[in-house]
Amino acid sequence: MTSSTTEIEQLIGKEYDKGFVTNLEADTFLPGLNEEVITALSVKKNEPPFMLEWRLKAYRHWLTMTPPEWAFVSVDPIDYQEISYYSAPKQKKELKSLDEVDPELLDTYKKLGIPLEEQERLAGVAVDAVFDSVSVATTFKGKLKEVGVIFCPISEAIQEYPELVKQYLGTVVPQEDNFYAALNSAVFTDGSFVYIPKGVRCPMELSTYFRINASNTGQFERTLIIADESSHVSYLEGCTAPMRDENQLHAAVVELVALDNAQIKYSTVQNWYPGDKNGKGGIYNFVTKRADCRGVNSKVSWTQVETGSAITWKYPSCVLTGDNAVGEFYSVALTNNYQQADTGTKMIHVGKNTRSTIISKGISAGKAQNSYRGLVKVLKSAENARNYTQCDSLLVGDQCGAHTFPYVEVKQPSANVEHEATTSKISEDQLFFCQQRGLSAEDAVSLIVNGFCKEVFKELPMEFAVEAQALLGISLEGSSVG
Amino acid sequence: MLSIKDLQVNIGDKSILKGISLDINPGEVHAIMGPNGSGKSTLSHVLAGKDGYTITGGSIEIEGQDLAEMAPEKRAREGLFLAFQYPVEIPGVSNIYLLKAALNAVRLHKGLSEVDALDFLTLVKEKIKLLGMDEKFLYRSVNQGFSGGEKKRNEILQMAIMEPKMCILDETDSGLDIDALQIVAAGVNSLRSESRSFLMITHYQRLLDYIVPDVVHVLSDGQIVKTGGPELALELEQKGYGWIGQEA
Ligand SMILES: Nc1ncnc2c1ncn2[C@@H]1O[C@H](COP(=O)(O)OP(=O)(O)OP(=O)(O)O)[C@@H](O)[C@H]1O
Ligand SMILES: [Mg+2]
């Protein structure tokens, strides 16, 4: 029995193949954090004065805060003075088009399976590629502009559309929201900005690709997406990092705003370097993602497939402010070896008839710990609010763990909140059955894991479904056939 | 086709199969009967290559190839099929996807290309009709929520798609109602051919009324204690297993 358990573990324990380092001349700040560093950063980015003030306010608040300790993960204390807060590949001048991007960089993205030039030629997905602290290329800008969609690095938006940024930045995740959000607000370097005007259905999927390359660099990106009345957008986010022995910090903030009748679909495939088999190295992924369904009938869906990072601490949430607003959370989190994941969601029901759905699938293998932490809060004002939560855990081997922490707070008697949870194991009988039908053990594990994740995978946009499949080493045809 | 010589198998330290010899020629149908716990499923598992069994003596061969050295998926691709006594459920994996994956595994092994999507659909629909199953079963998760009889029928559907040459049916008749038994038997009979052999494990004569075997073996306490023609099954039905030991 143990023999086949280890077999399953080996199958799932694929080597990280995105761990190469790109050698580029970089413009990097010395490690350390203080008001001068923040000022220098703001200057470097040509920011208007309001932005610097905003950052300093966040920094001063951060100094009074301590990191959260309640998550079911153990973290070595991080020395924030040892991190460099800015690193950018050196570029001679401003870029006018992709042709001017350093070929070495384009090559990096190609190796990652994201050929930027082709992405530009092939219709379908507009990509914003963030390399360490700066955005290096945004494709399809022109075509989007025709319909009035703004999709650009947030650093550019701060300069070009300061009024929009001022109006929305920090309105979903306030600077003082939590320790990592405050740090991000003080030092964020880049990220994507999206504005979809009234009544516009964004003609293509928008996508950001994050890559941590430089060592000892933190990546603090900030994403702000605004869907104006009756608009639609689907946004994809992917991430990788080189293999390094030391831990690297990634503390992002993502804010989504959906106005009346607007819909945002936000999908993530996260594959940060998880550390080696012995738990050395890997990315610390501490992310605050929140959506405000501000308008009536607005809707936000978070879909995520997470296989990377040494430690993940992440709760994409929805505040359902508008009447009839809908929030959805579909998640697959796979942890292996010594990875630790503490993820989940928060659904805050404020408006009448608001609805939320949570489908969480956790897969743990090796010695990994996987926790789901979910909060469903129904305020007094949220008449007839409804929530359905389903948390399923799949264990591979017997040294890993799965934990579920549901929190429910209901202040409105007409609300209806349902929670279901299951834990299962890949059984030897299932594995043998598949092999008896001609499948290799590896394909059998993929098939079973794929089946387990099906409800989430079917929510992913087609382009991303393929990547998710590659990530879990899973053939995805299964869910499309069914 | 299948040749088993003096096969001895342990689970841990416990001896389960104590020297079984059996030869099945191409086109033959053999039945194995025997009391609960006599080792029938163990034999089927060992033939299919399941983990957890130790072969302590003897040999198993399919068409002259040593089975014991072959990975279970290789045996399946070579044409050895086991219809399980207790089919497992695979949540979230559609039946049709499993069928396609299974067929493609066999085809690739034979050096053929993957099956064309349209051809596959035509084939599946034809077979599912043959087994009197609703097409809805194709899109449900493998065996999930299936009744006992539906699971058994589903095993035979997989067999019909994979077209194996050596079919082992472990109590496929248990759990089938009378109509289903006839339909499944008709399905199996339609697969009978000069080049395909069957080993059917069963407790009941009634299956053998529909699928008439060439040879019947009685397995008791890990040994084949009697071998005969179809009439042996009838005799067992009437007298039980007790008399065999006395005779020997
Ligand atoms: N994992 C195991 N550990 C110990 N003994 C086992 C194990 N698996 C099976 N056995 C024993 O092996 C013997 C043969 O079991 P097997 O399932 O082959 O019987 P069977 O003839 O198929 O019975 P049935 O007619 O009830 O299906 C039984 O005594 C059973 O208890
Ligand atoms: Mg049995």
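Residues numbered from 1 in each chain as written. Chains lettered and ligands numbered in written order. Predicted model: local features only at pLDDT ≥ 70, side-chain atom pairs only at ≥ 80, totals over all residues. Heavy atoms only, no water.

Trainee: Talk me through the overall build of chain B; I want residue IDs and the actual numbers.
Mentor: Helix and strand content of chain B: ten helices and twelve strands. Taking 18 Å as the expected radius of gyration for a compact globule of 248 residues, we find that chain B reaches 18 Å, a close match to that expectation. For chain B, the spread of C-alpha atoms along the three principal axes comes to 60 × 40 × 35 Å. Put simply, chain B has 248 residues, and 54% of those count as buried. Contacts spanning at least 24 positions in sequence make up 68% of the contacts within chain B whose residues lie at least 6 apart. Carbon and sulfur atoms form 48% of the exposed surface of chain B, whose accessible area is close to 10500 Å². Charge separation in chain B, taken as the distance between the mean sites of 25 positive and 34 negative side-chain charges, equals 4 Å. (Helix = DSSP H or I, 4+ residues; strand = E, 2+ residues; numbered from the N terminus. Rg over C-alpha atoms; globule rule 2.2 N^0.38 Å. Buried < 20%, exposed > 50% of the residue type's maximum accessible area, 1.4 Å probe, protein only. Contact = heavy atoms within 4.5 Å. Areas by Shrake-Rupley, 256 points an atom, 1.4 Å probe, with all protein chains shown as cover. Lys, Arg positive; Asp, Glu negative; His and termini not counted. Charge placed at Lys NZ, Arg CZ, Asp CG, Glu CD.)

Trainee: How would you sum up the overall build of chain A? Please name residues and give values.
Mentor: Secondary structure assignment for chain A yields 13 helices and 23 strands. Taking all 482 residues of chain A together, the buried fraction comes to 62%. Residue pairs in contact within chain A that sit at least 24 positions apart in sequence constitute 84% of those at least 6 positions apart.

Trainee: Go over the pattern of salt bridges with me, naming the residues and quoting the values.
Mentor: A complete count under the given rule lists 18 salt bridges over all chains for this structure. The residue Glu47(A) makes a salt bridge to Arg55(A) at a minimum N-O spacing of 2.7 Å. Judged by its relative accessible area of 0%, Arg55(A) is buried. Lys125(B) is the salt-bridge partner of Glu135(B), the closest N and O atoms lying 3.6 Å from each other. Taken together, the residues Glu135(B) in the loop between α4 (117–130) and α5 (136–139) and Lys125(B) in helix α4 connect sequence positions ten residues apart. Residues joined in a network through salt bridges with shared partners are Lys361(A), Asp392(A) and Glu455(A). (Salt bridge = Lys/Arg side-chain N within 4 Å of Asp/Glu carboxyl O.)

Trainee: Let's hear about the sheet that holds strand β2 (residues 14–24) of chain B: which residues, and what values?
Mentor: All names here are of chain B. Here four strands make up an open sheet; going across it, the order is β2-β1-β4-β5 and the pairing antiparallel. Either end of the sheet is taken by a strand with one partner, and the two such strands are β2 and β5 (65–66). Bridge count for strand β4 (residues 54–62) against β5 is two bridges, and the pairing is antiparallel. Bridge pairing in β5 places Ile-62 opposite Gln-65. Relative to the sheet, helix α1 (residues 40–48) contacts β1 (2–11), β2 and β4, its axis offset from that of β1 by approximately 110 degrees. (Pairing = 2+ DSSP bridges. Axes fitted to C-alpha atoms, helices over the stretch in contact; angles between N-to-C directions.)

Trainee: Before we move on, could you go through the interface of chain B and chain A and cite the residues and values that matter?
Mentor: In this assembly, 34 residues from chain B lie in contact with 25 residues from chain A. The interface formed by chain B and chain A includes two salt bridges. Between Glu155(B) and Arg437(A) there is a salt bridge whose closest N-O contact spans 2.7 Å. Where chain B meets chain A, there are nine residue pairs in polar contact (both at pLDDT 80 or more). For the side of chain B that touches chain A, the secondary-structure elements that each account for two or more residues are α1, α2 (72–78), β6 (80–83), β7 (90–94), α3 (95–109) and α6 (148–162) of chain B. Considering every element that reaches the side of chain B that touches chain A, the biggest residue donor is α3(B), with seven residues. (Polar contact = N/O pair within 3.5 Å; in protein donor to acceptor, adjacent residues only side chain to side chain.)

Trainee: Describe the coordination of the magnesium ion (ligand 2), and please don't skip the residues or the numbers.
Mentor: Residue and element names in this part refer to chain B. Around the magnesium ion (ligand 2), the donor atoms from the protein are Ser-41 (OG) and Gln-85 (OE1), and they sit 2.0 to 2.2 Å away. Note that Ser-41 is positioned in helix α1 and Gln-85 in the loop between β6 and β7, a separation of 44 residues in sequence. Judged by its relative accessible area of 16%, Gln-85 is buried. (Donors = N, O, S within 2.8 Å, 3.2 Å for Na, K, Ca; no water.)

Trainee: I'd like to hear about the nonpolar core, residue by residue, with values.
Mentor: With 60 residues, the main nonpolar core has Ile363(A), Ile4(B), Leu7(B), Leu47(B) and Met166(B) as its most contacted residues. By residue number, the principal contributor to this core is helix α11 (residues 441–457) of chain A, which donates nine residues. Apart from the residues lying within four places of it in its own chain, the contact partners of Leu47(B) are Leu2(B), Ile4(B), Ile60(B), Leu67(B), Arg75(B), Leu80(B), Ile168(B) and Leu199(B). Ranked by size, the runner-up nonpolar core spans 48 residues in total, among them Ile158(A), Leu249(A), Leu259(A) and Ile311(A). (Core = buried A, V, L, I, M, F, W, Y, C linked by side-chain atoms within 4.5 Å.)

Trainee: For the environment of Lys454(A), give the residues involved together with the corresponding values.
Mentor: Residue and element names in this part refer to chain A. Structurally, the position occupied by Lys-454 is in helix α11. Residue class for Lys-454 comes out buried when judged on its relative accessible area of 15%. When the C-alpha atoms of Lys-454 and Val-332 are compared, they prove to be 9.6 Å apart, with 122 residues separating the residues in sequence.

Trainee: Go over the site of ligand 1, please, and point to the residues and values.
Mentor: Residue and element names in this part refer to chain B. Lining the immediate surroundings of ligand 1 are 14 residues, of which Gly-37, Lys-40, Ser-41, Thr-42 and His-203 lie closest. Lys-40 places a polar side-chain atom, nitrogen or oxygen, 2.7 Å from an oxygen atom of ligand 1. Coverage of ligand 1 by the protein amounts to 62% of the 640 Å² it exposes when considered alone. Of all the secondary structure elements, the ones that give two or more residues to the shell around ligand 1 are β2 and α1. (Near = heavy atom within 4 Å.)

Trainee: Any details on the sheet that holds strand β11 (residues 215–220) of chain B? Residues and values, ideally.
Mentor: All names here are of chain B. Within the open sheet, the six strands sit side by side as β6-β9-β10-β3-β11-β12. Their pairing is mixed. In this open sheet, the two strands that pair with only one neighbour each are β6 and β12 (223–228). Neighbour-to-neighbour, the strand axes of this sheet turn through a mean angle of 20 degrees, independent of strand direction. Summarising the sheet, strand β9 (residues 166–170) and strand β10 (residues 197–201) pair through five bridges and their orientation is parallel. Opposite Met-166, over in β10, you have Ser-197 as the bridge partner. Its contacts with the sheet put α1 on β3 (29–33), β6, β9, β10 and β11, and the angle it makes with β6 is roughly 145 degrees.

Trainee: Break down the pairing of β11(B) for me, with residues and values.
Mentor: Residues and elements named next belong to chain B. When you tally the buried positions in β11, you get five out of six residues, the bulk of the element. Sheet analysis places β3 next to β11, joined by four bridges and oriented parallel. Within β11, the position partnered with Met-33 by the bridge is Val-218. For β11 and β12, the ladder comprises five bridges, and the chain directions are antiparallel. Bridge assignment links Leu-219 to a residue of β12, and that residue is Ile-224. The turn linking β11 back onto β12 is made up of two residues, and Asp-221 within it adopts a positive phi angle of 50 degrees.

Trainee: Could you give an account of α1(B), naming the residues involved and the relevant values?
Mentor: Residue and element names in this part refer to chain B. Burial analysis of α1 places eight of its nine residues in the buried class, which makes it a mostly covered element. For α1, the complete set of buried residues consists of Lys-40, Thr-42, Leu-43, Ser-44, His-45, Val-46, Leu-47 and Ala-48. Two residues or fewer past α1, Gly-49 is found with a positive phi of approximately 95 degrees.

Trainee: Residue-level account of the packing of aromatic side chains, with values.
Mentor: One pass over the full model with this rule turns up twelve aromatic pairs over all chains. Residues Trp62(A) and Tyr80(A) carry aromatic rings whose centres are separated by 5.4 Å and whose planes lie at 85 degrees to one another, so their mutual orientation is edge-to-face. Of this pair, Trp62(A) sits in helix α3 (residues 49–62) while Tyr80(A) is found in the loop between α3 and β2 (87–89), placing the two residues 18 residues apart along the sequence. Accessibility classification places Trp62(A) together with Tyr80(A) in one group, the buried group. Centroid distance Phe137(B) to Phe146(B): 5.0 Å. Interplanar angle 75 degrees. Geometry classified as edge-to-face. With relative accessibility at 6%, the residue Phe146(B) sits in the buried group. (Phe/Tyr/Trp six-rings, centres within 6.5 Å; stacked < 30°, edge-to-face > 60°.)

Purely spatial values, then, with no claim about function.
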